[in-house]
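Each chain is listed here by its residues.
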Amino acid sequence: MTNNFQDLLAWQKAHEFVLMVYKTTCTFPEWERHRLCSQFERAAVSIAANIAEGYKKLSRADKLRMMNIAQGSLEECRYYVILSRDLGYIDENHYNDLNYSIYTASRFLNAYCKGIKENDFSSQV
């Protein structure tokens, strides 16, 4: 049983990814501040924010819609990780760290969605 969205492992992993993104984008070239950095940060925050918002939705359909939006933002970030590497803004080790973090967040988010679909979600598992 959870008391708030912060207790959800899916949100915790998403939040860890957000923090990693912010630490990463601050090293990007200044000219990317209002381009790639802004988009990457916005999409990363959207993952955790939509999990948090969906947590309190009362209907299964509303919860799943918010989690699906989070999943879309997660996939957007997956592309930004690739783009950051290909532009030379991050090295292979940092790329692997970001990839692992987003992979982990994705696994927990998918598991949470599965739980919403298959179980009594009123206990906020």
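Here is a short report on the structure shown in this document. Source: prediction; values computed, not measured.

Structural notes on the pattern of salt bridges
In the structure shown here, the tally under the stated rule is seven salt bridges. Notably, a salt bridge pairs Glu 53 with Lys 57, separated by 4.0 Å at the nearest N-O pair. A relative accessible area of 43% places Glu 53 in the partly exposed class. In this structure, the salt-bridge partner of Arg 85 is Asp 86, at a minimum N-O distance of 3.0 Å. Overall, the relative accessible area of 26% leaves Arg 85 in the partly exposed class.

Here we look at the environment of Tyr 103
Among the structural elements, Tyr 103 can be located in helix H4 (residues 92–118). Tyr 103 sits 89 residues away from Ala 14 along the chain, and the two C-alpha atoms are 10.0 Å apart.

A word on the nonpolar core
Residues Phe 17, Phe 40, Ile 47, Ile 51, Met 67 and Cys 77 are the most contacted members of the largest nonpolar core, which totals 35 residues. In terms of residue count, helix H2 (residues 36–55) provides more of this core than any other element does, 10 residues in total. When neighbours within four sequence positions are excluded, Met 67 is seen to be in contact with Asn 50, Ile 51, Gly 54, Tyr 55, Leu 109, Tyr 112, Cys 113 and Ile 116.

Rules behind the numbers
- Residues numbered from 1 in each chain as written.
- Predicted model: local features only at pLDDT ≥ 70, side-chain atom pairs only at ≥ 80, totals over all residues.
- Heavy atoms only, no water.
- Salt bridge = Lys/Arg side-chain N within 4 Å of Asp/Glu carboxyl O.
- Buried < 20%, exposed > 50% of the residue type's maximum accessible area, 1.4 Å probe, protein only.
- Helix = DSSP H or I, 4+ residues; strand = E, 2+ residues; numbered from the N terminus.
- Core = buried A, V, L, I, M, F, W, Y, C linked by side-chain atoms within 4.5 Å.
- Contact = heavy atoms within 4.5 Å.

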